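One letter stands for each residue in the lines below.
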Amino acid sequence: MNIFDLVGNTPLVELKKISSELAGVSIWAKAEFRNLSGSVKDRAARAMLLEGIATGQLRPGKTIIDASSGNTGIAYAVLGAVLGYPVTIYLPANASRERKTILACCGATVVETSPLESSDGAYLAAKTEAEAHPEKYFWPNQYNNDANWKAHYNTTGVEIWEQTGGKVTHFITGMGTSGTFMGTSRRLKEYNKNIEVVAVQPDSPFHGIEGTKHMDSTLRPGFYDEKFPDRFVTANTEAAYEMTRRLAREEGLFVGVSSGANVQAALDLGRTLPSGSLIVTMLCDSGFRYLSDEFWCVPDEVAGDGEGI
Ligand code: PMP
C-alpha cells in the first residue's frame, strides 16, 4: 500500500449511546484520527502538497512553510518527510505541548508566534517570511488554497454519501480554515440539495476549542463563503470539554476538543429534528494531542494534589 493511501477513507461510526437520547435521530461521526498523521488535516495537506508538486511550485530544494494551529503542521511534517522536503511551521506559542513535540519528532522546524495574536499572528508571520524568500519556500497558504476545500469535496463528501447509503440528512462541523465544512458541504449538496449543512463556531473569540476559529473576530479564509451554511450554531468550550469526556467514557472514542464541540452541536441539533434524521459530524483528531490538558479531570474526581493527568 502507498503511504498516501493511509489518508482518507476513515470509518463512519454511530454514536449509539449519545444518539439514544434522541427520538429516532442518529448521530454518526467520521473517525479522522485514523488518518496517517492523526487528524482531518491530512486530507487537505496531501492535496495541497501533491498539487504543489504537479504545478512545479514544490520542487527539490524548497522548504514547505505555513501557519498552523498544529494539525496541518503535523500533516505537512509527516507527508513532507515521506516526500523528502523540510518543513517549517509557524504556530501560536500556546499550542499544546503535544503538538510541538510531535512536530519536533517529525523533524519540522517550529517558529512560535505571540499567543495574544492567535492563529492570525502565526498566519501573518508565515506570510511575511514566505513572501520575503519565494525562491526558498513553498507556501501552500492553507487559508487561501482551493486544494484545501477541494480535498474534502473529492474525498470526505463522497465517503459520507457512500457510507450512509445516501441517507445522510444533516452535516454539521466546526471551522478552522473552513476547508472541511465548505468542501464536504458542497459535495453533499450536489448529491442532494435537501441535505442541511450546519456550521459550528466558538461562542466567543476567547475559547478553548483548538483548531477552530471565531470567524467574526479573525481573518477570513479566502474560500470561506458565509452564505453557504444553512444554519450557524455556537459551541461553548465547557460544554465541548464535557462532551469530549463523555465520548471517551461512554463511546470509547478518545478524541480532541473540537470533536467534543461537534458532537455536542450535533446532539443539540438532533433534539430539534424529526425521527429518521441522520446527522454526520467529524471527529477531527485524537485525545492524545491534548493529554496534558486539565479538562480531562472533572474537579471532584481530581485526586490528591489536584494535579491534572
Ligand atoms: N478541529 C481541529 C482539531 C483542527 O485542527 C482543525 C483544523 N485547524 C479543524 C477542526 C477545522 O478544520 P478545517 O481547517 O478544515 O476547517
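The preceding data block contains the structure.
Because the structure is predicted, anything quoted here is derived from the model rather than measured.

A. Fine view of the state of the cysteines. Considering all chains together, one arrives at zero disulfides under this definition. Residue Cys106 stays outside any disulfide, its sulfur separated by 6.6 Å from that of Cys105, the closest cysteine.

B. Quick look at a nonpolar patch on the surface. Where nonpolar side chains cluster on the molecular surface, the patch consists of Met1, Ile3, Leu6 and Val82 and spans about 400 Å² of accessible area. Inspection of the secondary structure assignment puts Val82 in helix H3 (residues 71–83).

C. Fine view of the sheet that holds strand S5 (residues 109–113). Strand order in the open sheet formed by four strands is S5-S4-S3-S6, and the pairing between neighbours is parallel. The sheet is open, and its two borders are formed by S5 and strand S6 (137–138), each paired with just one other strand. By the bridge criterion, four bridges tie strand S3 (residues 63–67) to strand S4 (residues 87–92) in an arrangement that is parallel. Bridge pairing in S4 links Asp66 to Ile89. Of the strands in this sheet, S3, S4, S5 and S6 are in contact with helix H5 (residues 118–132), which crosses S4 at around 145 degrees.

D. Structural detail: helix H7 (residues 156–163). Among all positions in H7, only Thr156, Gly157, Val158, Glu159 and Ile160 are buried. Structurally, H7 contributes buried residues whose contacts are with strand S2 (26–31), helix H2 (41–54), helix H6 (146–154), strand S7 (170–174), helix H8 (179–191) and strand S10 (278–283). Positive backbone phi, at 60 degrees, marks Gly165, one or two positions downstream of H7.

E. Inspection of the pattern of salt bridges at higher detail. Across all of its chains, the model carries 16 salt bridges by this definition. When the shortest N-O distance is used, the salt bridge between Glu32 and Arg43 registers 2.8 Å. One end of the pair, Glu32, is in the loop between S2 and H2; the other, Arg43, is in helix H2, with 11 residues separating them in the sequence. Judged by relative accessible area, Glu32 falls into the buried class, the value being 0%. Given a relative accessible area of 1%, Arg43 falls into the buried group.

Cut-offs applied
The written sequence of each chain sets the order in which its residues are numbered from 1. Side-chain atom pairs in this predicted model are given and counted only at pLDDT of 80 or more, local residue features only at pLDDT of at least 70, and totals for whole chains, interfaces and linings cover all residues. As a convention, hydrogens and water are excluded, and side-chain values are obtained from all of the structure's heavy atoms. Here, the term disulfide refers to a pair of cysteine sulfur atoms separated by no more than 2.5 Å. Like-charged residues are merged into a patch within 9 Å and nonpolar side chains (Val, Leu, Ile, Met, Phe, Trp, Tyr) within 5 Å, provided each residue has over 30% relative accessible area and no salt bridge. For the accessible areas, the method is Shrake-Rupley and the probe is 1.4 Å, while residue cover comes only from the protein chains on display. Any carboxyl oxygen of Asp or Glu that lies within 4 Å of a side-chain nitrogen of Lys or Arg is treated as forming a salt bridge with it. We count a stretch as a helix when DSSP gives it H or I for four or more residues in a row; a strand needs E for two or more, and each element gets its number in order from the N terminus. For two strands to pair, DSSP has to find at least two bridges joining them. Any two residues whose heavy atoms approach within 4.5 Å at even a single point are treated as in contact. Angles run from 0 to 180 degrees between N-to-C directions of axes, and those axes are lines fitted to C-alpha atoms, restricted for helices to the stretch in contact. For the exposure calls, accessible area comes from a 1.4 Å probe over protein chains only, and a residue counts as buried if that area is under 20% of its type's maximum, exposed if over 50%, partly exposed in between.

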